[in-house]
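One-letter residues, chain by chain:
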Amino acid sequence: MWSLGAEYEIFDDEIEPYDAFHLNGLVHLIQNAEQSLDASSRFSRLFFEGGYDDRNVTMVDVGLDHRWRLSESLSAMERVAYRFEDCSEEGITNAWDVVVGLEYAMGNLFGELTFEYDRLGLPRSEDEDC
């Protein structure tokens, strides 16, 4: 099973207004009672005009999400995400995010233990975005 989508966004903010369009895709590679494996992608183009500065940003996001049922109440999950960002002001940014974990669910009780490796390479700092 798969899905495709497109959207146009108008963010009419006084400080950082922008217009953007997004193309989204999702593919369910494996989907059964024991496990699921999904691949997703998103292409975005943002046009900032009239705010703090005039710039254009192109973003490509790709992700892979896997869940595996180990027992009636315990599951393992893994996620890998990658972002490529090209900003007319700040240049190119590459970002990786990897998450692995265990999920426990029994009735209304739910718990999760995850470990995350987030590798974000921004030109100025790890907290600022283009």
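Let me sum up the structure you'll find in this document. A quick note: this is a predicted structure, and the numbers were derived from the prediction, not measured.

What to know about the packing of aromatic side chains
Working step 1: For the structure on display, the rule yields five aromatic pairs.
Working step 2: Ring geometry for Tyr18 versus Phe48: centroids 5.1 Å apart, planes at 50°, classification tilted. Residue Tyr18 is found in strand β2 (residues 18-31), and its partner Phe48 is found in strand β3 (residues 35-48); the two are separated by 30 residues along the sequence. Exposure class is identical for Tyr18 and Phe48. Each is buried.
Working step 3: Clustering of aromatic rings is evident, with ring pairs tying together Phe11, Tyr18 and Phe48.
Working step 4: Its guanidinium or amino end placed over the ring of Phe48, Arg55 lies 4.0 Å from that ring's centre, counting from NZ or CZ.

Focus: the pattern of salt bridges
Working step 1: Counted according to the given criterion, the structure contains six salt bridges.
Working step 2: Here Glu16 ties to Arg55 by a salt bridge, and the two come within 3.4 Å at their closest N and O atoms. Pair noted here: Glu16 is in the loop between β1 (2-11) and β2 and Arg55 is in strand β4 (residues 55-69), with a separation of 39 residues, a long-range link. The same class applies to Glu16 as to Arg55, namely buried.
Working step 3: The closest approach of N and O atoms between Arg67 and Glu103, which form a salt bridge, is 2.6 Å. Here Arg67 is found in strand β4, whereas its partner Glu103 is found in strand β6 (residues 91-106), with 36 residues between them in sequence.

About the thresholds
- Residues numbered from 1 in each chain as written.
- Predicted model: local features only at pLDDT ≥ 70, side-chain atom pairs only at ≥ 80, totals over all residues.
- Heavy atoms only, no water.
- Phe/Tyr/Trp six-rings, centres within 6.5 Å; stacked < 30°, edge-to-face > 60°.
- Helix = DSSP H or I, 4+ residues; strand = E, 2+ residues; numbered from the N terminus.
- Buried < 20%, exposed > 50% of the residue type's maximum accessible area, 1.4 Å probe, protein only.
- Lys NZ or Arg CZ within 6 Å of the ring centre and 35° of its normal.
- Salt bridge = Lys/Arg side-chain N within 4 Å of Asp/Glu carboxyl O.

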